[in-house]
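Overview (structure and organization)
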Amino acid sequence: QVQLVESGGGLVQPGGSLRLSCAASRTIGTIYAMGWYRQAPGKQRTLVATITSGGSTNYADSVKGRFTISRDNAEDTVYLQMDNMKPEDTAVYYCNAFVWFAGDNYDYWGQGTQVTVSS
């Protein structure tokens with residue numbers, strides 16, 4: 001129904017910026033929301049930010065004021081602008097899509113992209 005492809009990860013210095021993108025391809029159904037989650041080694045996957053089809057956003061407290069999520073509904077693409085990055089932002093970042101199809105809801109995940117914040 002939905003394939004998610006992430007890009008934009010890499011190595012950045014503390015205080016630097018990075019921009020992630022996630023494109024949904026060959027979508028069947030309606031995407032209610034898209035978002036970003038992250039998982040560091042030995043830790044659980046946690047929410048970073050989400051954005052609904054109506055443009056409502058939600059952020060984890062740890063990234064408020066530093067990260068910005070945005071979307072392009074025409075292309076079913078979501079972006080994560082990460083500014084003033086910290087070493088604790090280091091993780092694999094996963095794109096998520098919450099989809100309505102055939103009267104039910106489904107979650108889809110990308111393969112993840114590595115983000116490393118280090119001097």
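This report concerns the structure included in the present document. (Residues numbered from 1 in each chain as written. Predicted model: local features only at pLDDT ≥ 70, side-chain atom pairs only at ≥ 80, totals over all residues. Heavy atoms only, no water.)

Notes on the overall build of the chain
Within the chain, the secondary structure is distributed over zero helices and eleven strands. Starting at the N terminus and ending at the C terminus, the chain contains elements arranged as β-β-β-β-β-β-β-β-β-β-β. Here the chain has a C-alpha radius of gyration of 14 Å; the compact-globule value for 119 residues is 14 Å, and the two agree. Its C-alpha atoms give the chain principal-axis dimensions of about 50 × 25 × 20 Å. For the chain, the proportion of contacts with a sequence separation of at least 24, taken over those separated by at least 6, is 54%. A total accessible area of about 6,400 Å² is found for the chain, and carbon and sulfur atoms account for 46% of it. For the chain, the separation between the mean place of its 9 positive charges and that of its 10 negative charges on side chains is 5 Å. (Helix = DSSP H or I, 4+ residues; strand = E, 2+ residues; numbered from the N terminus. Rg over C-alpha atoms; globule rule 2.2 N^0.38 Å. Contact = heavy atoms within 4.5 Å. Areas by Shrake-Rupley, 256 points an atom, 1.4 Å probe, with all protein chains shown as cover. Lys, Arg positive; Asp, Glu negative; His and termini not counted. Charge placed at Lys NZ, Arg CZ, Asp CG, Glu CD.)

Focus: the nonpolar core
Counting 30 residues, the largest nonpolar core has Leu4, Met34, Trp36, Leu80, Met82 and Tyr93 as its most contacted members. For this core, the leading source of residues is strand S9 (residues 91-101), giving five residues. (Core = buried A, V, L, I, M, F, W, Y, C linked by side-chain atoms within 4.5 Å. Buried < 20%, exposed > 50% of the residue type's maximum accessible area, 1.4 Å probe, protein only.)

What about the pairing of strand S7 (residues 67-72)?
The sheet contact formed by S7 and strand S8 (residues 77-82) spans six bridges and is antiparallel. Along S8, the bridge assignment pairs Asp72 with Thr77. The hairpin turn running from S7 into S8, its antiparallel successor, is four residues long, and Asp76 in that turn takes a positive phi close to 50 degrees. (Pairing = 2+ DSSP bridges.)

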